[in-house]
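# Structure at a glance
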Amino acid sequence: SLESCFVSGLLWQKRAAGVYHREARSGKYRLTFAEAKAVCEYEGGHLATLQQLEAARKIGFHVCAAGWMAKGRVGYPIVKAGANCGFGKTGIVDYGIRLNRSERWDAYCYNPNGEENHGAVLLSSSVLFCPLLHLATIYLWHFKLEYSSFSALISFFSRFCGDELPDDIISTGNVMTLKFLTDGSVTAGGFQIRYSALDTPAPAKNASAQGKNTFQAGKFGIM
């Protein structure tokens, strides 16, 4: 039978050229300048400069959220112009150096030694939760990504890129995580998915506890 699932933990945490975006655990626009500085330093980096943010933007770093930078500056990088973000322009939307350091924004950190996904940017990461004793199933009916190991839809066991439609992805438990990586060098058609929950197959009467019917939450692949 089909049951409903829900998606949680959708992230838009992009990273390029050592620059990445951070927001408070309590949500968007909750960090003072001192708090933003502390977040970056806790992770081994520091607040990005305007020049570092622009260098990241030039290789595809796009975030529609204003954040603290070095010297108390606030702004955000726009790669693709849109009516709802960046006032229809590209570049760094610069709010200038803020006199009130108690204003609350997000943060743009810089750490050249941080995890870079080998040049790729983590564009999104989603966790799909289905009811207990059900398997999460992903169906793709449109799929066109760059032919690159740096641009891929990633499951626990597999990476998918190019324009060949992958088979359905079925988890071995009721939780599935999907990540989409890109190096920002090519714009393609992307992908469209839908998801559902399937009943867990009943184990065979003589199957041992270590047999094929042992399901582990969070691990998934092509079945």
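Rules used in this analysis
- Residues numbered from 1 in each chain as written.
- Predicted model: local features only at pLDDT ≥ 70, side-chain atom pairs only at ≥ 80, totals over all residues.
- Heavy atoms only, no water.
- Helix = DSSP H or I, 4+ residues; strand = E, 2+ residues; numbered from the N terminus.
- Polar contact = N/O pair within 3.5 Å; in protein donor to acceptor, adjacent residues only side chain to side chain.
- Contact = heavy atoms within 4.5 Å.
- Buried < 20%, exposed > 50% of the residue type's maximum accessible area, 1.4 Å probe, protein only.
- Disulfide = S-S within 2.5 Å.
- Phe/Tyr/Trp six-rings, centres within 6.5 Å; stacked < 30°, edge-to-face > 60°.

### What to know about the side chain of Q52
Structurally, the position occupied by Q52 is in helix α2 (residues 50-57). Only 2.9 Å separates the side chain of Q52 from the backbone nitrogen of T49, close enough to count as a polar contact. If near-sequence neighbours (up to four positions away) are discounted, Q52 is found in contact with V19, H46, L47 and Y110.

### Concerning the side chain of H21
Within the secondary structure, H21 sits in strand β4 (residues 19-22). Overall, the relative accessible area of 5% leaves H21 in the buried class. A distance of 2.8 Å separates polar atoms of two side chains, one belonging to H21 and the other to D106.

### Focus on the state of the cysteines
Taken as a whole, this structure holds two disulfides when the rule is applied. There is a disulfide in this structure between C40 and C109, and the S-S distance comes to 2.0 Å. On the sign convention where negative is left-handed, the bridge of C40 and C109, at about -75° about the S-S bond, is left-handed. You can see C40 sitting in helix α1 (residues 33-42) and its partner C109 sitting in strand β9 (residues 106-110), a full 69 residues away along the chain. Taken individually, C40 and C109 each receive the classification buried, so the pair is uniform in this respect. Disulfide pairing is shown between C64 and C85; the S-S distance is 1.8 Å. Residues C64 and C85 share a disulfide whose torsion about the S-S bond is about 120°; that sign makes it right-handed. With C64 in the loop between α2 and β6 (67-68) and C85 in the loop between β7 (73-78) and β8 (91-97), the pair connects residues that are 21 residues apart, well separated along the chain. Relative accessible area serves as the criterion here: at 39%, C64 is assigned to the partly exposed category.

### A short note on the packing of aromatic side chains
Applying the stated criterion across every chain, the model contains five aromatic pairs. Where Y95 meets W105, the ring centres are 5.4 Å apart and the plane angle is 70°; that geometry is what we call edge-to-face. Residue Y95 is found in strand β8, and its partner W105 is found in the loop between β8 and β9; the two are separated by 10 residues along the sequence. In this structure an aromatic cluster arises from ring pairing among Y29, Y76, Y95 and W105.

So far we have only geometry, and geometry alone does not tell us how the molecule works.
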